[in-house]
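Survey of secondary and tertiary structure
Read off the chains here:
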Amino acid sequence: MKGATHAGLSPSAWVRRWSHLVPEGASVLDVACGSGRHVHWFAARGCRVTGVDRDEAAMQPLQTVAEIHVADIEAGPWPLPGRRFDAVVVTNYLWRALLPTIVASVADGGVLICETFADGNQAVGKPSNPLFLLRQGELLGAVAGLRVVAFEDGFSTDPDRFIQRIVAVRESSAAGALVRWRL
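Report on the accompanying structure.

Rules behind the numbers
- Residues numbered from 1 in each chain as written.
- Predicted model: local features only at pLDDT ≥ 70, side-chain atom pairs only at ≥ 80, totals over all residues.
- Heavy atoms only, no water.
- Salt bridge = Lys/Arg side-chain N within 4 Å of Asp/Glu carboxyl O.
- Buried < 20%, exposed > 50% of the residue type's maximum accessible area, 1.4 Å probe, protein only.
- Helix = DSSP H or I, 4+ residues; strand = E, 2+ residues; numbered from the N terminus.
- 1 Å grid on protein atoms, 1.4 Å probe; cavity = no way out; pocket = protein on both sides within 12 Å on 5 of 7 lines; lining within 4 Å.
- Points joined across faces, edges and corners; volume = space filled by probe spheres on them.
- Nonpolar A, V, L, I, M, F, W, Y, C, P; charged D, E, K, R; others polar.

With that out of the way, let us pick up the pattern of salt bridges. Throughout the structure, instances matching the rule amount to eight salt bridges. A salt bridge links R135 to E138, with the shortest nitrogen-to-oxygen separation between them at 3.4 Å. Taking the relative accessible area as the measure of exposure, E138 reaches 14% and is therefore buried. One salt bridge connects R165 with E152, and the closest N-O pair in it is separated by 2.9 Å. Linking R165 in strand β7 (residues 161-169) with E152 in strand β6 (residues 147-156), this pair joins segments that are 13 residues apart in sequence. The exposure class assigned to E152 is partly exposed, which follows from its relative accessible area of 30%. One network of salt bridges, in which partners are shared, links R17, E115, E152 and R165.

Time to look at unusual backbone geometry. Residues K126 and P127 are joined by a peptide bond in cis, for which omega reads -5°. Here P127 is to be found in the loop between β5 (106-117) and α5 (138-142). Within the chain, A32 stands out as a residue other than glycine whose phi angle is a positive 55°. Along the polypeptide, A32 turns up in the loop between β1 (27-31) and α2 (37-44).

This paragraph deals with the layout of surface pockets. Unfilled space is identified by rolling a water-sized probe across the atoms. The computed volume of the largest pocket comes to approximately 460 Å³. Lining of the largest pocket is provided by 25 residues; of these, A32, D53, T91, N92 and Y93 occupy positions nearest its centre. Of all the secondary-structure elements, those providing two or more residues to the lining of the largest pocket are β1, α2 and β5. Roughly 240 Å³ of volume is contained in the second largest pocket. Listing elements by their share of the lining of the second largest pocket, those giving two or more residues are α1 (13-18), β5 and β7. Per-class residue counts for the lining of the second largest pocket are six nonpolar, four polar and six charged.

The next thing to look at is empty space enclosed by the protein. The full count for this structure, using the stated rule, is two cavities of 30 Å³ or more. Its boundaries defined by the atoms lining it, the largest cavity holds a volume of some 40 Å³. In terms of lining, the largest cavity is formed by V90, Y93, L94, W95, L99, I102, C114, T116, L134 and L139. Counting residues per element, the ones that place at least two in the lining of the largest cavity are α4 (99-104) and β5. Approximately 30 Å³ is the volume found for the second largest cavity. Lining of the second largest cavity is provided by L99, I102, V103, L112, C114, L139, A142 and V143. Of all elements in the fold, only α4, β5 and α5 reach the threshold of two or more residues within the lining of the second largest cavity. Sort the elements by how many residues they give to the lining of the second largest cavity and α4 lands first, with three residues. Grouping the amino acids of the lining of the second largest cavity by side-chain chemistry returns eight nonpolar, no polar and no charged.

This is the structure in structure tokens:
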């Protein structure tokens, strides 16, 4: 399937690479979804998508393809308390206080696909504030209790940036649940 685009942005290569872990019909949460490049990607793959972001104008066009929640998740309450999803996607976003909530939002048998900026990025561009840069090993620590399927920490090009990426699953005892996690 060719990648859907929105506002000129293609889905993240990391998200595309691991999308096979998210079956058709799955519930997907896109945290800090912005204008919805991953909302569109997963909706086109037959998933039921929920997007959360504070930018109401950017999210307005997403109402036709997803359940949207306009919320300032850094200053206000989490808009989806207790809800769990088959997949949770987070890209280019870090608010440390939310990491436990994001991980808790992954359902049994579900997957977390995450990539965001890491320490070192201040040498090549924005963000450069340490509040928004993962420390070495921080993402691995944040997913304690999940099974790590893939992890990368280092420099990436196009554009130049320092980044951490992880794919982690919440294993389920249900029969057949591990079949979908084949690499």
